[in-house]
Amino acid sequence: MSKPFLPFALPEIGDDEIAEVVDTLRSGWITTGPKARRFEQDFAAFLGDAQLHAIAVNSATAGLHLALEALGIGPGDEVITTTHTFTATAEVVRYLGADVKLVDIDAATLNIDPAAVEAAIGARTKAIVPVHYGGLAADMPRLLDIARRHGLKVVEDAAHALPATSRGALVGTLASDAAVFSFYATKTVATGEGGMLVTRDAALAARARVMRLHGMSRDAFDRYTAEVPSWYYEIVAPGFKYNLTDIAAALGIHQLKKARAFQQRRAAIAARYDRAFAALPLVLPPQPPAGDTHAWHLYALRLADAALAGGLTRDRFIERLFAQGIGASVHYIPLHLHPYWRDRYRLVPALFPASQHAYERLVSLPIYTRMGDADVERVIAAVRGALAG
Ligand SMILES: *Cc1c(COP(=O)(O)O)cnc(C)c1O
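Everything numeric in this text was worked out from a predicted model, so none of it was measured.

## With respect to the site of the ligand
Here is step 1 of the chain: Looking at the ligand, there are 15 residues lining it, with Thr61, Asp157, His160, Ser182 and Lys187 nearest.
Here is step 2 of the chain: Asp157 has a polar side-chain atom sitting 2.7 Å from a nitrogen atom of the ligand.
Here is step 3 of the chain: Between the ligand and His160 there is a distance of 2.7 Å, counted from an oxygen atom to a side-chain nitrogen or oxygen.
Here is step 4 of the chain: Of all the secondary structure elements, the ones that give two or more residues to the shell around the ligand are helix H3 (60-70) and helix H4 (87-95).

In structure tokens:
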């Protein structure tokens, strides 16, 4: 009898999450309310920094949009980010009428290349959006130094990075303008859809809170009277509908409590893969610097040239994994290959040699907490089988 298909990703939703959602449903308050507030407080506490503002949103995409909007990014501006990411990282720049400057990655880490960032800075450049690819922190010390020297804002796409550290400090507490986490179904902490914008910048936080919900503010009224009637609000801008529901926040409150245990299980799976694959013609994912935490959202390996020499392709390799009942994926089809980005900015692969080279060889294997040890061994056997043909 053949074994059931092992999906590429699955969330781990426990009885605590289910009970909290049921409690929310019975409470009568199902949209943004006390649980979203508690999730924000828990999130700031998790990051361990009392200066942080945590703003719950209905996606990381929304959070990235709000952060860049609050920083004043608009028409005529340019924002630098990596080509090796999901389109959400870059599309938010276009929402604001600004332009995206895509740059290449470091071939070893697959994170944005600081040298390429510095070379891409022009008169219109306003911000850098690094992505912590797969859960390995980008080279933040260098990126923050570049930003400081050129007067640029930094908004981290931290969709993969809960929890990850850079030089021992948790992503979310670094000296950037903002960091944005994702709780999409496949992410390390999942609420179905959801995100968290964190910042130390009180003005950014205030603007994002207003723009998160239709540009609604009660601040003006607060200034004149202590007793604010509950029905009163003022619209101060054409805002968005980016608030997180209490149903999703109920999931998040309990997922967050497990985030460290989840990370440890993912790291154990990554370590098992590393040992099993050490002698195979594969380029294994980069390790974090000594003492740093990798969130291991992705285990993205690359087929080495020796594996491709016999005519094997990445696509054929993934087909062979699927044929053995193993889900796999590719992170990412670089933005420079997608028609919209390619055509708008006349991009060609030769501009992004490291990303292009990686893309043609990348395979993401299943890595999630619901995998048992037997599942991990099945993936290992399937990888060996796919390489052997
Ligand atoms: C998932 C993801 C996003 C978007 O997250 P959502 O919560 O789905 O909006 C942004 N950037 C990267 C790198 C992602 O992987």
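## With respect to the nonpolar core
Here is step 1 of the chain: Of all hydrophobic cores here, the largest spans 46 residues; its most connected members are Phe39, Phe43 and Phe181.
Here is step 2 of the chain: The set of elements that each furnish at least two residues to this core consists of helix H2 (34-47), strand E1 (53-57), helix H5 (114-120), helix H6 (140-150), strand E8 (178-182), strand E9 (195-199) and helix H9 (246-257).
Here is step 3 of the chain: No other element matches the six residues that H2 contributes to this core.
Here is step 4 of the chain: Of all hydrophobic cores here, the second largest spans 34 residues; its members include Val57, Ala67, Ile73 and Ala205.

## Section: the sheet that holds strand E5 (residues 153-157)
Here is step 1 of the chain: Spatially, the seven strands line up as an open sheet ordered E1-E9-E8-E5-E4-E2-E3, and their pairing is mixed. Looking at strand neighbours, the two that pair on one side only are E1 and strand E3 (99-103), the edges of this open sheet. If you compare each strand with its neighbour and ignore which way they point, the axes differ by 25 degrees on average.
Here is step 2 of the chain: The pairing of E5 with E8 spans three bridges and is parallel. Along E8, the bridge assignment pairs Glu156 with Ala179.
Here is step 3 of the chain: The strands touched by H4 are strand E2 (78-82), E3, strand E4 (125-129) and E5; relative to E3, the strand with the most contacts, the crossing angle is about 155 degrees.

## With respect to the domain arrangement of the protein
Here is step 1 of the chain: The domains assigned to the protein are domain 1 (15-104 + 111-257) and domain 2 (259-388).
Here is step 2 of the chain: Taking the mean C-alpha position of each, domain 1 and domain 2 sit 27 Å from one another.
Here is step 3 of the chain: Counting residues at the interface gives 37 residues for domain 1, matched by 36 residues for domain 2.
Here is step 4 of the chain: Summed over both sides, the interface between domain 1 and domain 2 buries roughly 2,800 Å², with carbon and sulfur atoms accounting for 58% of that surface.
Here is step 5 of the chain: By the criterion of area lost to domain 2, the three top residues of domain 1 are His84, Asp104 and Leu136, representing 20% of everything that side buries.
Here is step 6 of the chain: Seen at the junction of domain 1 and domain 2, the total is one salt bridge.
Here is step 7 of the chain: Here Asp99 and Arg344 are joined by a salt bridge, their closest N and O atoms 2.9 Å apart.
Here is step 8 of the chain: Taken together, the connections running from domain 1 to domain 2 amount to 23 residue pairs in polar contact (both at pLDDT 80 or more).
Here is step 9 of the chain: Among the elements of the structure, H4, E3, strand E6 (165-166) and H9 are those that each provide at least two residues to the side of domain 1 that touches domain 2.
Here is step 10 of the chain: Of the residues contributing to the side of domain 1 that touches domain 2, the split by class is 16 nonpolar, 14 polar and seven charged.

Quick notes on the rules
- Numbers given to residues run from 1 along each chain, matching the order in which its sequence is written.
- Predicted model: local features are reported for residues with pLDDT of at least 70 only, side-chain atom pairs are reported and counted for 80 or more only, and whole-chain, interface and lining totals are derived from all residues.
- Only heavy atoms go into the side-chain values, all of them from the structure, while hydrogens and water stay out.
- We call a residue near a given molecule or strand whenever any one of its heavy atoms falls within 4 Å of it.
- Within 3.5 Å is the distance limit for a polar contact, defined as a pair of N or O atoms, with the added protein rule that one can donate a hydrogen and the other accept it, and that residues adjacent in sequence qualify only through two side-chain atoms.
- Elements are defined by DSSP. Helices are runs of H or I of four residues or more, strands are runs of E of two residues or more, and each kind is numbered from the N terminus.
- Residues enter a nonpolar core if they are buried and are Ala, Val, Leu, Ile, Met, Phe, Trp, Tyr or Cys, with the set joined through side-chain atoms within 4.5 Å.
- Burial classification: accessible surface area is computed with a 1.4 Å probe over protein chains only, and a residue below 20% of its type maximum counts as buried, one above 50% as exposed, and the rest as partly exposed.
- Strand pairing is assigned whenever DSSP identifies at least 2 bridges connecting the two strands.
- Lines are fitted to the C-alpha atoms to define the axes, a helix being fitted only along its stretch in contact, and any angle between axes, read from their N-to-C directions, falls within 0 to 180 degrees.
- Any two residues having at least one pair of non-hydrogen atoms within 4.5 Å are treated as being in contact.
- Segmentation of the chain into domains, including their bounds, is taken from an automatic or database domain assignment.
- The term buried area means the drop in 1.4 Å probe accessible area that two parts suffer when joined, counted for both and summed.
- For this document, the term salt bridge refers to a Lys or Arg side-chain nitrogen within 4 Å of an Asp or Glu carboxyl oxygen.
- Residues are grouped as follows: Ala, Val, Leu, Ile, Met, Phe, Trp, Tyr, Cys and Pro are nonpolar; Asp, Glu, Lys and Arg are charged; every other residue, Gly included, is polar.

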